[in-house]
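An overview of the molecular structure
This is what each chain is made of:
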Amino acid sequence: MSSFDRTASREDRKLALSYAQGTFLRFSAMWSLAGFTGAFGTVIFSFSRGNMDLSPLFRESTVGIGAALLGLGHSRYQYYLLTHWPAHYAELARQAQKGWTLISGKSGFKPRAISHPGRGKVVLAYIGGILLLFALILFLHRGLPVMGTIFFAEGGFFFARVLFWKRAFDLWKADGTYDSEN
């Protein structure tokens, strides 16, 4: 993994990493747990109703794997933004410390998008990944429970993010970039 933009201040890097750990890693872990709890709940419910066919389970798992690939791509792009523009995430952390969030409705919190070369390609890649995931769902649609599909996709997407960010933070802790105690 690449190193951080060294033109950013140490305080900005520290704030950006603490923001990333709380927002990217912990948030993803929470949603991954919720997704897989719902997913396996639908499987258990289906088995309890007498449907012992494993075909929907394998189809739902395939959708979950497709969503995981989308989650890895999303995490990789966030990693790129975090390492090249840590000041942006530090500013988001400062705004969050003031209590300004996207949901709170307090004025003054207007996060701006980071402009960089290739941004248009990233948008097209996101759209392509989402369309491929929907194509996978349509291809497997026969006998696929809707709630199981949603939960497996959610769990797969966020679990891939958890694995990615856990590895990133382990590497940053190993090379001294991030100290979770501070």
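Residues numbered from 1 in each chain as written. Predicted model: local features only at pLDDT ≥ 70, side-chain atom pairs only at ≥ 80, totals over all residues. Heavy atoms only, no water.

1. Let's talk about helix α5 (residues 146-174)
- Relative to the 42 Å expected for 29 residues at 1.5 Å per residue, α5 spans 42 Å between its end C-alpha atoms, a close match to the ideal helical length.
- Positive backbone phi, at 85°, marks G176, one or two positions downstream of α5. (Helix = DSSP H or I, 4+ residues; strand = E, 2+ residues; numbered from the N terminus. Expected span 1.5 Å × (residues − 1).)

2. Some points on the pattern of salt bridges
- As enumerated under the stated definition, the model contains 3 salt bridges in all.
- Residue K166 is joined to D170 by a salt bridge in which the shortest nitrogen-to-oxygen separation is 3.2 Å. Residue K166 and its partner D170 are located together in helix α5, separated by 4 residues, close to a single helical turn.
- A residue is classified by how much of its surface remains accessible, and D170, at 35% relative accessible area, is partly exposed.
- Ionic contacts of the salt-bridge type, sharing partners, join the residues D12, E91 and R94 into one network. (Salt bridge = Lys/Arg side-chain N within 4 Å of Asp/Glu carboxyl O. Buried < 20%, exposed > 50% of the residue type's maximum accessible area, 1.4 Å probe, protein only.)

3. Brief notes about the environment of F139
- For F139, the position within the fold is in helix α4 (residues 119-139).
- As a C-alpha pair, F139 and R59 span 80 residues in sequence and 9.8 Å in three-dimensional space.

4. As for the packing of aromatic side chains
- A full pass over the atoms with the stated rule returns 22 aromatic pairs.
- Pairing F40 with F152 gives two aromatic rings, centres 5.6 Å apart and planes at 70°, and the pair type is edge-to-face. Here F152 lies in helix α5 and F40 lies in helix α1 (residues 10-48), a separation of 112 residues in the sequence.
- Relative to W85, the ring of Y80 has its centre 5.6 Å away and its plane inclined at 75°; by these criteria the two rings are edge-to-face. (Phe/Tyr/Trp six-rings, centres within 6.5 Å; stacked < 30°, edge-to-face > 60°.)

5. What about a nonpolar patch on the surface?
- Residues V123, L124, I127 and L131 make up a contiguous nonpolar surface patch of about 390 Å² in total accessible area.
- When you line up the elements, L131 lands in helix α4. (Patch = residues over 30% accessible without salt bridge, like charges linked within 9 Å, V, L, I, M, F, W, Y side chains within 5 Å. Areas by Shrake-Rupley, 256 points an atom, 1.4 Å probe, with all protein chains shown as cover.)

6. A few points about the nonpolar core
- Grouped together as the largest cluster of nonpolar side chains are 24 residues, with contacts concentrated most on L17, Y79, L82, Y89, W165, F169 and W172.
- Of all the elements in the fold, those that place two or more residues in this core are α1, α2 (55-84), α3 (86-97) and α5.
- At 7 residues, α1 tops the list of elements feeding residues into this core.
- Among the nonpolar cores identified, the runner-up in size contains 9 residues, and L70, L133, L144 and F157 belong to it. (Core = buried A, V, L, I, M, F, W, Y, C linked by side-chain atoms within 4.5 Å.)

7. Observations concerning the confidence of the model for the protein chain
- Looking at the protein chain, the pLDDT average stands at 84 and 88% of residues meet or exceed 70.
- Ranking the helices and strands of the protein chain by mean pLDDT puts α5 first, with 92, and α3 last, with 85. (pLDDT = per-residue confidence, 0-100.)

8. Here we look at the environment of Y178
- Mapped onto the fold, Y178 is located in the segment after α5.
- Residue classification places Y178 among the buried residues on the basis of a relative accessible area of 9%.
- Sequence spacing of Y178 and K14 is 164 residues, and the spatial spacing of their C-alpha atoms is 7.0 Å.
- When near neighbours in sequence (up to four residues on either side) are disregarded, Y178 contacts L17, S18, Q21, F169, W172 and K173. (Contact = heavy atoms within 4.5 Å.)

9. A few points about the side chain of H116
- Its place among the elements puts H116 in the loop between α3 and α4.
- A distance of 2.6 Å separates the side chain of H116 from the side chain of Y77, its partner in a polar contact.
- Residue contacts for H116: discarding those within four places in its chain leaves Y77, Y80, L81, W85 and V122. (Polar contact = N/O pair within 3.5 Å; in protein donor to acceptor, adjacent residues only side chain to side chain.)

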